[in-house]
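# Observations on the three-dimensional arrangement
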Amino acid sequence: MCLAIPGKVLMAEEQNGLRVGRVQFGGIVRSVRLDFVPEAGVGDYVMVHVGFAISQVDESEAERTYELLREMGALEAELPPAEGSTP
Amino acid sequence: MKYLDEYRDGRIARALAAETAGVTTRPWVLMEICGGQTHTIMRYGLDELLPSNIELVHGPGCPVCVTPLETIDKAIALALRPEVTLVSYGDMLRVPGSTSDLLRAKAQGADVRIAYSPIEAVKIAKANPDRKIVFLAIGFETTAPANAMAAWQAKRDGLKNFSMLVSHVLVPPAIRALLATRENRVQGFIAPGHVCTVMGYQEYESLVRDFAIPIVVGGFEPVDLLEAILMLVRQLERGEACVENQYVRSVSYQGNLPAQQILKDVFEIADQKWRGIGSIPHSGLRLRPEYAAHDADRIYDLALITADEPAECISAQVLQGLRKPTDCPAFAIRCTPENPLGAPMVSAEGACAAYYHYRRHAVAS
């Protein structure tokens, strides 16, 4: 449960006092909370856990980690669901 | 993808293992706390790559496994109330309570929903003002800030139908408890990389000081773990004990300060029961009194049921690194992921499940 998935920030903005972003994981884009990484902006890579970015990492490390998690089959459980999907 | 290719051909991994073999002159017992790390070790056979005098034992870092039986029973009792929608991380649904589990409660008609993020539970509460939403907030320090944020938002937005059943556990007090037991064999710890991403690693200094034991913060990839093991063995062979950080790309000494701030605002430290281990002082989090309106333990009259684990299940010793899953007579016979006796066989991060998925054939032959 403590896994985190790296992704690239495509958009970051304040919404009603919360910091919300769009983050790309491989081929898909999901909504992610950026409250805990106030310095992360568009183009930066973040580690995402239960829908929240918990740290910023560099691009080559992020890509390497993503591929490894994919290889391990660990992505599915850790990726945020698409919007509109019923939880 | 240069780095990945390097790993796939195993060159770096083999070099790290060879270097570890080169510096190891005596047997050492090391523990990885985190269940995610246990799975990497088993999946890639890292233990088999290392010299035979390095023994890896697996720690209690599987939040699903250590969530107390009583909390599961409370969650089931709440889920069965007609007015309640219980929202949980998916891992929890098949964890056995004393007589049932959440999946069976769902089959009986309980409104149980799976969420990937606690924020989904807040959204469900907003969309369903006529339902009472209870979020089963479990996890280590990695998950706690997200759960804290859900409570903070619910309070800020005046959501009267959202509460949390909290069972949060903290790593450093658990390491302290393991080290203080007479049976302890562990001589070095790999501290969990994402817990330390949130909390930093200053908290581990006092453990190193009090118990003269090396601690290395490690990542989750095969090469991360092999490097962390090498760093531990180097310290042990030199007779040193300090805190080092292998997972520098995500972890800083002071950790993630905004995440720590929300933790402090929403939660306070409390004694916590760990399934299979018992109560550990100051090893958990509970909601602060200001959040009483969102605290399921305060809102609902939840009778405390105490029940024993199945006598055959050795998960208590497995979670403390005292025995291996394969030492259990029920392993892969009467206890399987489909029909688990204990929580470590259910969770994707449980040590028993890791051995079941990657080692049961080796054991059988």
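Residues numbered from 1 in each chain as written. Chains lettered and ligands numbered in written order. Predicted model: local features only at pLDDT ≥ 70, side-chain atom pairs only at ≥ 80, totals over all residues.

## Some words on the interface of chain A and chain B
The line we're drawing: Contacts are defined on C-beta atoms placed from the backbone: any two residues whose C-beta positions lie within 7 Å are in contact. Helix and strand labels come from DSSP, where a helix needs a run of H or I of at least four residues and a strand needs a run of E of at least two; each type is numbered from the N terminus. Residues are sorted three ways: Asp, Glu, Lys and Arg are charged, Ala, Val, Leu, Ile, Met, Phe, Trp, Tyr, Cys and Pro are nonpolar, and all the rest, Gly among them, are polar.
Opposite the 29 residues of chain A that make contact, chain B presents 40 residues. Breaking the side of chain A that touches chain B down by element, the ones donating at least two residues are strand 4 (45–49), strand 5 (52–57) and helix 1 (59–72) of chain A. Per element, the largest residue contribution to the side of chain A that touches chain B is 8 residues, and it comes from helix 1 of chain A. Looking at the side of chain A that touches chain B residue by residue, the class counts come to 17 nonpolar, 5 polar and 7 charged.

## So, the domain arrangement of chain B
All names here are of chain B. Filter applied, for reference: Start and end positions for the domains come from either an automated domain assignment or a database one.
Domain boundaries assigned for chain B yield domain 1 (13–309) and domain 2 (315–364). A separation of 19 Å is found between the C-alpha centroids of domain 1 and domain 2. Listed by partner, the interface residues are 26 residues for domain 1 and 20 residues for domain 2. Contributions of two or more residues to the side of domain 1 that touches domain 2 are made by helix 3 (35–43), strand 2 (54–61) and helix 5 (63–66). When residues of the side of domain 1 that touches domain 2 are assigned to their parent elements, the largest contribution, 6 residues, is made by helix 3. Taken together, the residues of the side of domain 1 that touches domain 2 sort by class into 13 nonpolar, 7 polar and 6 charged.

## A few points about the sheet that holds strand 7 (residues 188–192) of chain B
Residues and elements named next belong to chain B. For clarity, the cut-off: Two strands form a pair only when DSSP identifies at least two bridges running between them. Lines fitted to the C-alpha atoms define the axes, with helices restricted to the stretch that makes contact. Angles between their N-to-C directions range from 0 to 180 degrees.
With parallel pairing, the 5 strands of this open sheet are ordered in space as 2-1-7-8-9. Edge positions in the sheet fall to strand 2 and strand 9 (243–245), since each of these pairs with one other strand and no more. This sheet shows a mean twist of 25 degrees between the axes of neighbouring strands, independent of strand direction. Alignment of strand 8 (residues 215–218) against strand 9, held across 3 bridges, turns out to be parallel. Residue pairing for strand 9: Val217 is matched across the bridge by Asn245. The strands touched by helix 3 are strand 1 (28–34), strand 2, strand 7 and strand 8; relative to strand 1, the strand with the most contacts, the crossing angle is about 125 degrees. Across the sheet, helix 13 (residues 222–238) touches strand 1, strand 2, strand 7, strand 8 and strand 9, and the angle it forms with strand 8 is around 170 degrees.

## A short note on helix 13 of chain B
Residue and element names in this part refer to chain B. The condition that has to hold: To estimate the expected span of a helix, subtract one from its residue number and multiply by 1.5 Å. Residue burial here comes from a neighbour count, namely the number of other C-beta atoms, placed from the backbone, that lie within 10 Å of the residue's own C-beta, with 20 or more meaning buried, 12 or fewer meaning exposed, and in between meaning partly exposed.
With 17 residues, helix 13 should cover 24 Å at 1.5 Å per step; its first-to-last C-alpha distance of 25 Å lies within 8% of that length. Within helix 13, 14 of the 17 residues are buried, which leaves it mostly tucked inside the rest of the structure. Positive backbone phi, at 75 degrees, marks Gly239, one or two positions downstream of helix 13.

## A few points about the sheet that holds strand 10 (residues 267–274) of chain B
Residue and element names in this part refer to chain B. Taken in spatial order, the 6 strands line up as 4-3-5-6-11-10 in an open sheet, and their pairing is mixed. Two strands bound the open sheet, and with one partner strand each, they are strand 4 (111–114) and strand 10. Pairs of neighbouring strands in the sheet enclose a mean axial angle of 25 degrees, with direction left out of account. Where strand 3 (residues 84–88) and strand 4 come together, 4 bridges link them in parallel fashion.

## Digging into the environment of Gly321 of chain B
Residue and element names in this part refer to chain B. Note that Gly321 resides in the loop between helix 16 (315–319) and helix 17 (351–364). In sequence terms Gly321 and Glu183 are 138 residues apart; their C-alpha atoms lie 9.8 Å from each other. Apart from the residues lying within four places of it in its own chain, the contact partners of Gly321 are Met31, Val57, His58, Gly59 and Val186.

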